[in-house]
Amino acid sequence: MLFGAVLTAEGGPVELGEGCSVMENAVLRATRRDPLTLGRQVLVGPTSYLTGCSVEDEVFLATGSRVFNGAHIGTRSEVRINAIVHLRTVLPADSLVPIGWVAVGNPARILPAQEHEAIWAVQKELDFPGYVFGLDRPADGESLMPKISARFGRALGRHRDDRQI
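Bear in mind the structure is a predicted one, so any value in this text is a computation, not a measurement.

## Things to note about unusual backbone geometry
- Cis geometry marks the peptide bond from Asn106 to Pro107; its omega dihedral reads 10°.
- Here Pro107 lies in the loop between strand S16 (101-104) and strand S17 (109-112).
- With a phi close to 60°, Arg76 is a non-glycine residue in the positive phi region.
- Relative to the helices and strands, Arg76 resides in the loop between strand S11 (72-73) and strand S12 (78-79).
- A relative accessible area of 43% places Arg76 in the partly exposed class.
- Its identity as a non-glycine residue notwithstanding, Asn82 has a phi of 55°, on the positive side.
- Its relative accessible area of 47% is what places Asn82 among the partly exposed residues.

## Quick word on the sheet that holds S17
- The strand order across the open sheet built from seven strands is S1-S4-S7-S10-S13-S16-S17, with neighbouring strands paired in mixed fashion. At either end of the open sheet lies a strand with only one pairing partner, and these are strand S1 (6-8) and S17.
- Examined bridge by bridge, strand S13 (residues 84-85) and S16 share two bridges and lie parallel to one another. Looking at S16, one finds that Ile84 is bridged to Val102.

## Some words on helix H1 (residues 116-126)
- Of all the positions in H1, only Ile119, Val122, Gln123 and Leu126 are classed as buried. With its buried residues spanning 100° around the axis, H1 presents them on a single face. Across H1 from its buried face, at more than 90 degrees, point the exposed residues Glu117, Ala121 and Glu125.
- Elements in contact with the buried residues of H1: S16, S17 and helix H2 (128-133).
- Asp127 sits one or two positions beyond H1 and adopts a positive phi of about 55°.

## Some details on the side chain of Ser77
- Within the secondary structure layout, Ser77 lies in the loop between S11 and S12.
- A distance of 3.5 Å separates a polar atom in the side chain of Ser77 from the backbone nitrogen of Asp94.
- Non-local contacts of Ser77, meaning those with residues more than four positions away in its chain, are made with Glu58, Val59, Phe60, Pro92, Ala93, Asp94 and Ser95.

Conventions used here
- Residues numbered from 1 in each chain as written.
- Predicted model: local features only at pLDDT ≥ 70, side-chain atom pairs only at ≥ 80, totals over all residues.
- Heavy atoms only, no water.
- Helix = DSSP H or I, 4+ residues; strand = E, 2+ residues; numbered from the N terminus.
- Buried < 20%, exposed > 50% of the residue type's maximum accessible area, 1.4 Å probe, protein only.
- Pairing = 2+ DSSP bridges.
- Arc of directions from axis to C-beta.
- Contact = heavy atoms within 4.5 Å.
- Polar contact = N/O pair within 3.5 Å; in protein donor to acceptor, adjacent residues only side chain to side chain.

Right, here's the structure in full:
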């Protein structure tokens, strides 16, 4: 692990296999529902963000890659610079998500970011607010943020008495 890398196991376990490299300022976070696991010889690039996902052996997650809750990445796959593997997406072995593209769904569709409507058609059914926050998607003109902010405020309040060691 290099300078600034963060592993957060408050919600669930974080497991790194033999020979993993986690580069500068990467964040790896487990959740109650989804632990975070990396297989052997996985490289997590600088500023990448992984939350509650499983990554098999010999995977390359380039700089700025994002892998969300419940996603699974197969052996020898590559997620290139600033690419995204969305919530509950399953990438089979030897997959490639090009620079800045988005993988979404099971089976995964790999789409350029500008194809928002096609991404949303799959993503909407994956139910991000329900899966991650246990909340129903709000009606038009409403926001989830008041409930999410209150929830995070309560959770972070548990650290009120933390001490640096």
